[in-house]
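Each chain, written out:
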Amino acid sequence: METTPAGERLIAAASRLFYRQGIRAVGVDLIAETAGVTKKTLYDRFGSKDALVALYLERRRGVWQEFLRDRMTGRPLVDVFDVLADWLRDQDRGCAFVNAYAEVGGTGHPAEAVIRAEKAQMRAWLVARAAAEGLPEQVGEQLHLLYEGATVLATAGGVPDAPARAKRAALTVCGSAPTSGSAA
């Protein structure tokens, strides 16, 4: 979605506010004020707060994917947990998608589709990377469970070394899995 400078300021303000304070706690008045625009501008650009929430999550997904892609180039799959630890250093409120789902899940909110797409995309990425390393699909699926668990535990669970623990578990999972071409 291409936006105007005012639209970009709205997205930036909404993104900071939604992540820091939560979706339900942030009203359109605060978003508009923080962005230095009117509520009318917000509604003219995005139609609704719900649409802005979905766009915030879409943009965040793109930022994470770029971060992941840039840092995983040339690295083995299990390093995804090191990359996750790097990401979480600046994300003290945890996973924006889990947080958003906690607020809007099961309500039919347009953000639900974005949240589910992000989780499916991360699973597919891990499965594809596992396959590229000669590992079965189930390894990618298991790493996805470890990845999601580590993401939540690192912040909400108060276990800051959860990504490192998940990496150790991932090494075990990868080491015990038959590789393509090996006898099962």
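Placed above this text is the structure.
Draft legend 1. Representation of the packing of helix α4 (residues 49–72) against helix α7 (residues 111–132). The interhelical angle for the contact between α4 and α7, taken along N-to-C directions, is 15°, at an axis separation of 8 Å. Relative to α7, the element α4 lies roughly parallel. Both α4 and α7 take part in a crossing whose hand is right-handed. Counted together, V53, A54, L57, E58, R61, W64, Q65, L68 and M72 of α4 and A111, V114, I115, A117, E118, Q121, M122, W125 and R129 of α7 form the full contact between these two elements. Its residues assigned to classes, the contact of α4 with α7 comprises 12 nonpolar, 2 polar and 4 charged.

Draft legend 2. Spatial organisation of helix α5 (residues 80–88). Every buried residue of α5 is listed here: V80, F81, V83, L84, W87 and L88. Buried residues of α5 fall within an arc of 155° about the axis and therefore sit on the same side.

Draft legend 3. Representation of the packing of α5 against helix α8 (residues 137–155). Where α5 meets α8, the axes come as close as 11 Å, and the angle between the chain directions of the two elements is 25°. As far as their axial angle goes, α8 and α5 are roughly parallel. Pair α5 / α8 crosses with right-handed handedness. Contacts between α5 and α8 involve F81, L84 and L88 on the former and, on the latter, L143, L146, Y147, A150, T151 and A154. Tallied by class, residues from the contact of α5 with α8 come to 8 nonpolar, 1 polar and no charged.

Draft legend 4. Representation of helix α6 (residues 96–104) within the structure. Along α6, the positions that sit buried rather than exposed are A96, F97, A100 and V104. Within α6, the buried residues cover an arc of 95° as seen down the axis, which keeps them to one side. Where the residues of α6 are buried, they touch α1 (5–21), α4 and α7. Following α6 by one or two positions, G106 has its phi on the positive side, about 80°.

Draft legend 5. Structural detail: the side chain of R129. In this structure, R129 sits in helix α7. Among the residues examined, R129 registers a relative accessible area of 19% and is labelled buried.

Draft legend 6. Geometry of the packing of aromatic side chains. Per the stated rule, a full pass over the model turns up 5 aromatic pairs. Where F67 meets W87, the ring centres are 5.1 Å apart and the plane angle is 65°; that geometry is what we call edge-to-face. Linking F67 in helix α4 with W87 in helix α5, this pair joins segments that are 20 residues apart in sequence. Classification of W87 by relative accessible area gives buried; the value is 13%. Cluster of aromatic residues (ring-pair linked, three or more members): W64, F67, W87 and Y147. The ring of Y19 has R60 lying over it, and the distance from NZ or CZ to the ring centre is 4.3 Å. Above the ring of F67, the side-chain terminus of R71 is found at 3.6 Å from the ring centroid.

Draft legend 7. Representation of the pattern of salt bridges. Summed over all chains, the structure comprises 16 salt bridges. Between R20 and D92 there is a salt bridge, with its nearest N and O atoms 2.7 Å apart. One end of the pair, R20, is in helix α1; the other, D92, is in the loop between α5 and α6, with 72 residues separating them in the sequence. Residue classification places R20 among the partly exposed positions, given a relative accessible area of 43%. A relative accessible area of 52% means that D92 is categorised as exposed. R165 is paired through a salt bridge with D161; the nearest N and O atoms lie 3.1 Å apart. One connected set of salt bridges, linked through shared partners, spans R75, D79, D82 and K167.

Thresholds, definitions, all that
- Numbering of residues starts from 1 in each chain and follows the order in which that chain's sequence is written.
- Confidence filtering applies because this is a predicted model: local features only for residues at pLDDT of at least 70, side-chain atom pairs given and counted only at 80 or more, and all residues used for totals across whole chains, interfaces and linings.
- Excluded from the side-chain calculations are hydrogens and water; all other atoms, namely the structure's heavy atoms, are used.
- Geometry is summarised by axes, namely lines fitted to C-alpha atoms with helices restricted to the contacting stretch, and by angles between N-to-C directions that run from 0 to 180 degrees.
- Runs of H or I in DSSP of at least four residues are treated as helices and runs of E of at least two as strands, each being numbered from the N terminus.
- In these notes the angle categories are as follows: under 35 degrees is roughly parallel, over 145 is roughly antiparallel, 65 to 115 is roughly perpendicular, and the rest is oblique.
- By convention, the crossing between two helices is left-handed when the near helix turns anticlockwise from the far helix through less than a right angle, and right-handed when the turn is clockwise.
- Contacts: residue pairs with any heavy atoms within 4.5 Å of one another.
- Only Asp, Glu, Lys and Arg are considered charged, only Ala, Val, Leu, Ile, Met, Phe, Trp, Tyr, Cys and Pro nonpolar, and every remaining residue, Gly among them, polar.
- Relative accessibility thresholds used throughout: buried, under 20% of the residue-type maximum; exposed, over 50%; partly exposed, between the two (1.4 Å probe, protein chains only).
- Directions drawn from the helix axis to the C-beta atoms are what define this arc.
- Paired rings are identified among Phe, Tyr and Trp, the last through its six-membered ring, by centres lying within 6.5 Å, and are further divided according to the angle between planes into stacked (under 30 degrees), edge-to-face (over 60) and tilted (the rest).
- Counting as a charge over the ring demands two things of the Lys NZ or Arg CZ atom: a distance within 6 Å of the ring centre and an angle within 35 degrees of the ring normal.
- A pairing counts as a salt bridge when a side-chain nitrogen of Lys or Arg comes within 4 Å of a carboxyl oxygen of Asp or Glu.

So far we have only geometry, and geometry alone does not tell us how the molecule works.
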